[in-house]
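A look at the structure
In case you want the letters, here they are:
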Amino acid sequence: MSPDPRPARRSFDELRQTVKVVKPVDFQDRYREYLEASDEKPVLAAGLAPLLRRGSLLDIGAGSGDVPDLLDVDQETYTAVECQPEFVRLLRDKGYRVIDDLFPCQVGGPFTNVLLCYCLYGREQCELLIHAGWAAVAPSGQLLAVTFRDHLDEYNSLLHRVGHTNRGGLDVHYNFLTTTFASLGVLTTHVWTSYIYSRDLAELAGIVSFMATNSNVGTLQRRAEIYAGIMAERRYVDERFRTVAGDYRLPVHHHVFVVAKDVS
Ligand SMILES: C[S@@+](CC[C@H](N)C(=O)[O-])C[C@H]1O[C@@H](n2cnc3c(N)ncnc32)[C@H](O)[C@@H]1O
């Protein structure tokens, strides 16, 4: 018998081993700085509020809980999943129920709303999280995901210009997400825009270089290279993002996928 040419399908347990969340050593401090310089969380909360269905909410990768804080969620029906001990402590101090684990994991449920907000890293991991998230959605519920798009918006154009990404103009990740979400149920999409505000170029370069390397593959060396690259692009940045008052305002676009199990 000739060997089966198809790659062997990997078991859930094997795939689960590939899920990793790696953060830079100074993540907590730099993330705080980022939150202070940006209106991202208020923009996300304002966008999510009318989309969430009445019922329970599973927030996968809840971080420091800024979005549920702003949404003023009902703590009885809210459950966070978080794998970073500092954030788990913080969320519990705020009174939230927290599953202290790396998703996919046992979450109970099912839930009316399952949220994947900025925790989709890498294709394989992404696919696993999306399917496991969908499995936790109740029959009358929905899966919501918020992520960046690898496309030439202002933020990605700047990173592309300083050599951080060679994917400018391509939309591989976004297309993969669209196809994956659409294969699950009824898909609607939204785009929301927040801004990074900074007093000077150095502050902007610090924030953008942190954001770009705040992932499993990011390194401090890469962050330093991006920082230097942005500092060397003063004219380009000033022409686009400097305000008349002399400070900076960089738009960041958030791409939102909502997949419903039913059509309500
Ligand atoms: C960029 S933060 C976003 C936090 C929050 N969702 C928000 O938008 O404000 C991503 C968070 O998700 C957590 N995370 C990512 N993947 C995870 C996983 N597979 N299981 C549990 N937590 C995860 C990280 O530890 C981090 O705190």
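Here we summarise the structure given alongside this text.

Conventions we followed
Throughout this description, residue numbers start from 1 for each chain and increase along the sequence as written. Reporting of local features is limited, given that this is a predicted model, to residues whose pLDDT is at least 70; pairs of side-chain atoms are given and counted only at 80 or more, and all residues count toward the totals for whole chains, interfaces and linings. Side-chain descriptors were evaluated using all non-hydrogen atoms of the structure, hydrogens and water having been removed beforehand. Strands here mean DSSP runs of E at least two residues long; helices mean DSSP runs of H or I at least four residues long; both are numbered from the N terminus. In this analysis, the expected span of each helix is defined as 1.5 Å times one less than the number of residues it contains. Only protein chains enter the area calculation, which uses a 1.4 Å probe; residues under 20% of their type maximum are buried, those over 50% are exposed, and those in between are partly exposed. By definition in these notes, contact holds between two residues if any of their heavy atoms fall within 4.5 Å. Pairs of N or O atoms are called polar contacts if they sit within 3.5 Å, as long as, within protein, a hydrogen donor faces a hydrogen acceptor (for residues adjacent in sequence, only side-chain-to-side-chain pairs). Directions drawn from the helix axis to the C-beta atoms are what define this arc. Within this document, salt bridges are pairs made up of a side-chain nitrogen of Lys or Arg and a carboxyl oxygen of Asp or Glu, the two lying within 4 Å of each other. The criterion for a residue being near a molecule or strand is simple. One of its heavy atoms has to lie within 4 Å of it. Throughout, the Shrake-Rupley method with a 1.4 Å probe supplies accessible areas, and for residues the shown protein chains are the sole cover considered. In the scheme used here, Gly and all other residues not listed as nonpolar or charged are polar, with Ala, Val, Leu, Ile, Met, Phe, Trp, Tyr, Cys and Pro taken as nonpolar and Asp, Glu, Lys and Arg as charged. Nonpolar cores are built from buried Ala, Val, Leu, Ile, Met, Phe, Trp, Tyr and Cys residues. Side-chain atoms within 4.5 Å join them into one set. Here, a strand pair is defined by DSSP locating no fewer than two bridges between the strands. To get an axis, a line is fitted to the C-alpha atoms, and for a helix only the part in contact is used. The angle between two axes follows their N-to-C directions and goes from 0 to 180 degrees.

1. Focus on helix H9 (residues 201-213)
Taking 1.5 Å of rise per residue, the 13 residues of H9 would be expected to cover 18 Å, and the 18 Å separating its terminal C-alpha atoms lies within 8% of that figure. Burial analysis of H9 places 11 of its 13 residues in the buried class, the great majority of the element. Within the span of H9, buried status applies to Leu201, Leu204, Ala205, Gly206, Ile207, Val208, Ser209, Phe210, Met211, Ala212 and Thr213. Each element contacted by the buried residues of H9 is listed here: helix H2 (27-37), helix H7 (154-161), strand E6 (186-198), helix H10 (220-231), helix H11 (234-241) and strand E7 (248-260). With a side-chain oxygen positioned 3.3 Å from the backbone nitrogen of alanine 202, the residue opening H9 is aspartate 200.

2. Things to note about H2
Those residues of H2 lying buried are Phe27, Tyr31, Tyr34, Leu35 and Ala37. Looking straight down H2, one finds that the buried residues subtend no more than 165° of arc, so they occupy a single side. Exposed side of H2, more than 90 degrees from the buried face: Asp29 and Glu36 are the residues found there. In this structure, the buried side of H2 is in contact with helix H3 (40-48), helix H4 (66-71), helix H5 (85-93), E6 and H9.

3. Observations regarding the pattern of salt bridges
Counted according to the given criterion, the structure contains 13 salt bridges. Salt-bridge contacts for arginine 16 lead to aspartate 101; the nearest nitrogen and oxygen are separated by 3.6 Å. Remark: aspartate 101 occurs in the loop between strand E3 (97-100) and strand E4 (111-117) and arginine 16 occurs in helix H1 (residues 12-16); sequence separation between them is 85 residues. Connected through salt bridges with shared partners, the residues Asp26, Arg30, Glu33 and Arg223 form a single ionic network.

4. Topic: the site of the ligand
Neighbouring residues of the ligand: 20 residues in total, closest Lys41, Gly61, Glu82, Phe103 and Cys117. Between an oxygen atom of the ligand and a side-chain N or O atom of glutamate 82, the distance comes to 2.6 Å. One of the backbone N or O atoms of phenylalanine 103 is found 2.8 Å from a nitrogen atom in the ligand. When the ligand is considered free in solution it has 600 Å² of accessible area, and contact with the protein chains removes 97% of it. Split into classes, the residues belonging to the shell around the ligand amount to 14 nonpolar, 3 polar and 3 charged.

5. Some thoughts on the environment of glutamate 14
Turning to its location among the elements, glutamate 14 is positioned in helix H1. As a C-alpha pair, glutamate 14 and leucine 204 span 190 residues in sequence and 40 Å in three-dimensional space.

6. Here we look at the nonpolar core
Across soluble globular proteins, you tend to see nonpolar side chains buried next to one another. Of all hydrophobic cores here, the largest spans 30 residues; its most connected members are Val107, Leu116, Leu120, Leu143 and Phe181. Those elements that provide at least two residues to this core are strand E1 (57-60), E4, helix H6 (123-135), strand E5 (137-147), helix H8 (172-182) and E7. When residues of this core are assigned to their parent elements, the largest contribution, 6 residues, is made by H6. Sequence-distant contacts of valine 107, defined by excluding residues within four places in its chain, comprise Leu58, Val81, Ile99 and Ala136. Counting residues in each nonpolar core, the second largest holds 27 residues, with Ile207, Val208, Ala212 and Tyr236 among its members.

7. Structural notes on the sheet that holds E6
Taken in spatial order, the 7 strands make up an open sheet running E3-E2-E1-E4-E5-E7-E6, and their pairing is mixed. The sheet terminates laterally at E3 and E6, the two strands that pair on one side only. Each strand of the sheet is rotated relative to its neighbour by a mean of 20°, with strand direction disregarded. Judged from the 6 bridges that link them, E4 and E5 form a sheet pairing that is parallel. Within E5, the residue paired with valine 114 across the bridge is leucine 143. Its contacts with the sheet place H5 against strand E2 (78-82) and E3, and it is angled at close to 160° to E3.

8. Some points on the environment of arginine 235
For arginine 235, the position within the fold is in helix H11. Separated by 76 residues in the primary sequence, arginine 235 and leucine 159 place their C-alpha atoms 15 Å from one another.

9. Here we look at unusual backbone geometry
The amide bond that connects phenylalanine 103 to the next residue, proline 104, takes the cis arrangement and shows omega of 0°. For proline 104, the position within the fold is in the loop between E3 and E4. Positive phi is not limited to glycine here, since aspartate 72 has a value of about 55°. Secondary-structure assignment places aspartate 72 in the loop between H4 and E2. According to the relative accessible area criterion, aspartate 72 is exposed, its value standing at 65%. One non-glycine residue, tyrosine 118, lies in the positive phi region at around 55°. Structurally, the position occupied by tyrosine 118 is in the loop between E4 and H6.

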